[in-house]
Amino acid sequence: MDAVWTAWAATVVVTVAAVVALAVLVRQRDRARLDAARTDPLTGLGTRRALAEHLEPLLRRGGAGLLLLDLDGFREVNDSLGHAAGDDLLVQVADALVRTVRGGEGPAGRVFRLGGDEFAVVVPGPCAARDLEVPAKRLLAGLSVGAFHADTVPLDLSGSIGLAAAPADGRSVGELLQHADVAMYAAKRGRLGVARYDRATDPHSAANLELLGQVRRAMEDDQLVVHYQPKVSGDGSRLLGFEALVRWDHPERGLLAPAEFLPPVERSHLVHALTRWVMITALQQAARWRAQGLATSMAVNVSAATLDEGLLGIVEEALALTRWPAADLVLEITETAVIEDPAGARRTVQALRERGVRVAVDDFGAGSTSLGHLRGLPVHELKIDRQFVAELTAHPEDEVIVSSVIALAHRLGLTVVAEGVETVAAADRLNALGCDELQGFFFARPLPADQAMAWVRAEGMGGPGVDTPLVVPATE
Ligand code: C2E
Ligand code: CA
Ligand code: CA
């Protein structure tokens with residue numbers, strides 16, 4: 001009996017010991033896994049999870065600041081030099097960030113790597129995003145003198161930082177991260193270096209979400225309309241085409257200009273639907289005019305956010321639906337779109353060109369690094385920003401800029417368009433300077449389709465088919 005008892009007790013002891021040992025092992029393994037989830041194996045920095053665990057108690061205790069940093073052009077390094085070189089560069093950046101923060105020049109806080117080329121610094125204690133601006137700039141300055149290299153290639157690095165501070169900009173980890181991300185994107189888009197979160201321009205803010213919903217419905221309810229502004233030859237004698245400009249015929253607020261509703265749309269996915277709607281509407285109108293004997297081209301504005309592979313699909317669909325020839329479609333893209341993602345813009349523009357569509361760089365001269373980014377961008381047309389055109393005849397320096405742009409564009413084989421021509425004096429001067437096309441209030445404002453056709457007839461710009469009332473019905 002005793003022997004049986006002893007054996008049984010021994011079994012129990014061994015089993016308990018084994019279970020305890022197993023539990024300890026499991027806990028150790030879990031802890032190791034958790035540690036791994038908290039520490040980025042590449043840089044040794046805390047991960048997104050570690051950031052959340054660090055930030056959470058700070059928010060409960062009153063507040064914290066969050067800086068979100070994204071490197072500019074990192075994808076190009078990865079693509080051209082390979083992932084190993086990219087990884088190596090990320091380690092150098094991590095070290096540089098930690099050095100700046102520890103050295104007391106940057107923000108006083110802890111550095112994390114959230115993934116890819118995205119880093120964050122958490123500054124403990126309640127603060128205002130405004131107070132983080134100078135330390136954020138120092139953090140960027142630290143990057144620019146970092147003497148980085150990838151695969152022995154020396155690199156100039158720059159980045160964009162978004163700032164959000166609790167409690168003002170958000171009370172939870174998720175909210176603060178999202179808002180810092182919105183600010184970072186704004187910094188990147190505007191090439192600002194550092195940007196603070198701004199509720200008014202946040203596409204996810206309640207007011208803007210509501211506006212987006214209204215625009216979506218406006219599109220379905222035919223409340224959006226397109227007006228057409230003529231482009232004429234340099235001497236003002238011939239109509240060369242129209243530019244489509246969207247408006248919102250708001251039931252209560254009247255006709256709204258794009259500036260009043262477009263910015264939040266351009267920061268949301270709705271922008272694709274809007275571009276598609278405007279393109280189809282404008283080409284349908286152009287095709288109707290063509291059927292009436294009016295030969296023109298049609299220009300459509302394309303937001304930076306739509307300048308991607310999706311744009312080709314929209315163009316293809318609109319051309320097929322309206323049977324409009326590709327060569328008579330002009331897409332106006334802004335210089336900022338090109339600056340934001342030069343490689344992506346080049347790919348899309350190249351594909352559009354191969355499809356036979358013309359591409360114009362809009363607002364030329366309004367951006368900061370115009371010429372460098374034009375290199376290798378296969379566009380057809382430059383539209384000189386209207387700030388240089390408006391007071392051309394009053395400011396000699398504007399004339400110098402305009403005449404240089406015209407000369408430059410012609411040497412590159414591009415057509416030059418001047419927008420914002422408001423006076424006969426400006427029109428004459430531009431013509432004398434060799435500008436190919438003119439557009440502005442002096443000739444015509446953007447007009448609803450029927451008034452645009454009336455303008456064409458009144459000016460005698462429609463050619464034989466349109467200007468002879470007997471051949472064409474008086475209204476479209
Ligand atoms: P933009 O492409 O530079 O268009 C020219 C703007 O200048 C238009 O303003 C036009 O009404 C105005 N304008 C034309 N001639 C003159 C002039 O002689 N003097 C002055 N002071 N202004 C003149 P609008 O229609 O308010 O459009 C503003 C901007 O909104 C456009 O600038 C364009 O960037 C954007 N936009 C308009 N329609 C669309 C659209 O369908 N899609 C996209 N993505 N953007 C659009
Ligand atoms: Ca335009
Ligand atoms: Ca423009």
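Below is a short write-up of the structure. (Residues numbered from 1 in each chain as written. Chains lettered and ligands numbered in written order. Predicted model: local features only at pLDDT ≥ 70, side-chain atom pairs only at ≥ 80, totals over all residues. Heavy atoms only, no water.)

## Structural notes on the packing of helix H7 (residues 206–220) against helix H9 (residues 270–291)
Alright, step 1. Where H7 meets H9, the closest approach of the two axes is 11 Å, and the angle between their N-to-C directions is 25°. It follows that H7 is roughly parallel to H9 by the angle criterion. In this structure, the crossing between H7 and H9 has a hand that is left-handed. Contacts between H7 and H9 pair Leu212, Val215, Arg216 and Met219 from the former with Leu270, Ala273, Leu274 and Trp277 from the latter.
Alright, step 2. Residues of the contact of H7 with H9, tallied by class, amount to 7 nonpolar, no polar and 1 charged. (Axes fitted to C-alpha atoms, helices over the stretch in contact; angles between N-to-C directions. Helix = DSSP H or I, 4+ residues; strand = E, 2+ residues; numbered from the N terminus. Parallel < 35°, antiparallel > 145°, perpendicular 65-115°, else oblique. Left-handed = near helix turned anticlockwise from the far one by under 90°. Contact = heavy atoms within 4.5 Å. Nonpolar A, V, L, I, M, F, W, Y, C, P; charged D, E, K, R; others polar.)

## As for the site of ligand 1
Alright, step 1. Around ligand 1 lies a shell of 21 residues, among which Arg247, Ser303, Arg386, Glu422 and Phe441 are the nearest.
Alright, step 2. One nitrogen or oxygen atom from the side chain of Asn301 is found 3.0 Å from an oxygen atom belonging to ligand 1.
Alright, step 3. In the environment of ligand 1, a nitrogen atom lies 2.8 Å from a nitrogen or oxygen atom belonging to the side chain of Ser303.
Alright, step 4. In isolation ligand 1 exposes 800 Å². Once the protein is present, 83% of that is buried.
Alright, step 5. Tallying contributions element by element places strand E9 (residues 239–250) first for the shell around ligand 1, with 4 residues. (Near = heavy atom within 4 Å. Polar contact = N/O pair within 3.5 Å; in protein donor to acceptor, adjacent residues only side chain to side chain. Areas by Shrake-Rupley, 256 points an atom, 1.4 Å probe, with all protein chains shown as cover.)

## A look at the packing of helix H10 (residues 309–322) against helix H12 (residues 342–354)
Alright, step 1. The interhelical angle for the contact between H10 and H12, taken along N-to-C directions, is 25°, at an axis separation of 9 Å. Here H10 is positioned roughly parallel relative to H12, judged by the angle of their axes. Judged by the sense of rotation from one axis to the other, the crossing of H10 with H12 is right-handed. Here H10 contributes Glu309, Leu311, Leu312 and Val315 to the contact with H12, which in turn contributes Arg347, Thr348, Ala351 and Leu352.
Alright, step 2. Of the residues that constitute the contact of H10 with H12, the class distribution is 5 nonpolar, 1 polar and 2 charged.

## As for the packing of aromatic side chains
Alright, step 1. As enumerated under the stated definition, the model contains 5 aromatic pairs in all.
Alright, step 2. Note on Trp248 and Phe261: the rings are 5.6 Å apart at their centroids and 80° apart in plane angle, and the pair reads as edge-to-face. Residue Trp248 is located in strand E9, and its partner Phe261 is located in the loop between strand E10 (254–256) and helix H8 (262–266); the two are separated by 13 residues in the primary sequence. This pair shows no difference in class: Trp248 is buried, exactly as Phe261 is.
Alright, step 3. The structure contains a cluster of three or more aromatic residues connected by ring pairs, namely Tyr228, Phe242 and Trp289.
Alright, step 4. Sitting over the face of the ring of Phe441, Arg445 holds its NZ or CZ atom 3.9 Å from the ring centroid. (Phe/Tyr/Trp six-rings, centres within 6.5 Å; stacked < 30°, edge-to-face > 60°. Buried < 20%, exposed > 50% of the residue type's maximum accessible area, 1.4 Å probe, protein only. Lys NZ or Arg CZ within 6 Å of the ring centre and 35° of its normal.)

## Some words on unusual backbone geometry
Alright, step 1. The omega torsion of the bond from Ala166 to Pro167 falls at 10°, within 30 degrees of zero and hence cis.
Alright, step 2. Relative to the helices and strands, Pro167 resides in the loop between strand E6 (159–166) and helix H6 (173–189).
Alright, step 3. Of note in this structure, Arg323 is not a glycine but carries a positive phi near 55°.
Alright, step 4. On the accessibility criterion, Arg323 (76% relative accessible area) is exposed.
Alright, step 5. Although it is not a glycine, Asp363 sits at a positive phi angle of roughly 50°.

## Remarks on the coordination of the calcium ion (ligand 2)
Alright, step 1. Listed as protein donors to the calcium ion (ligand 2) are Glu243 (OE), Asn301 (OD1), Glu332 (OE) and Asp362 (OD); their distances from the metal cover 2.1 to 2.3 Å.
Alright, step 2. Each donor residue of the calcium ion (ligand 2) lies on one chain, and together they are spaced E-x57-N-x30-E-x29-D.
Alright, step 3. Separating the calcium ion (ligand 2) from the calcium ion (ligand 3) is a gap of 4.2 Å, which Asp362 spans by donating to each of them. Remark: Glu332 occurs in strand E12 (residues 329–334) and Glu243 occurs in strand E9; sequence separation between them is 89 residues. Take Glu243 and Glu332: they sit in the same class, and that class is buried. (Donors = N, O, S within 2.8 Å, 3.2 Å for Na, K, Ca; no water.)

## Regarding the coordination of the calcium ion (ligand 3)
Alright, step 1. The protein atoms that coordinate the calcium ion (ligand 3) are Asp362 (OD), Asp363 (OD), Glu419 (OE) and Glu419 (OE), at distances of 2.1 to 2.5 Å.
Alright, step 2. The motif formed by the donor residues of the calcium ion (ligand 3), counted along the single chain, is D-D-x55-E.
Alright, step 3. In this structure Asp363 comes out as partly exposed when scored by relative accessible area, which is 25%.

## Re the sheet that holds E6
Alright, step 1. A sheet is described by the order of its strands in space; here 5 strands give the open sequence E2-E3-E1-E6-E7, paired in mixed fashion. Taken across any chain shown, the strands that pair with only one partner, and hence form the sheet edges, are strand E2 (110–115) and strand E7 (194–196). Direction aside, the axes of adjacent strands within the sheet are offset by 25° on average.
Alright, step 2. Pairing of E6 with E7, which is carried by 3 bridges, proceeds in the parallel orientation. Residue Ile161 lies in a different strand from E7, and its bridge partner there is Val194. (Pairing = 2+ DSSP bridges.)

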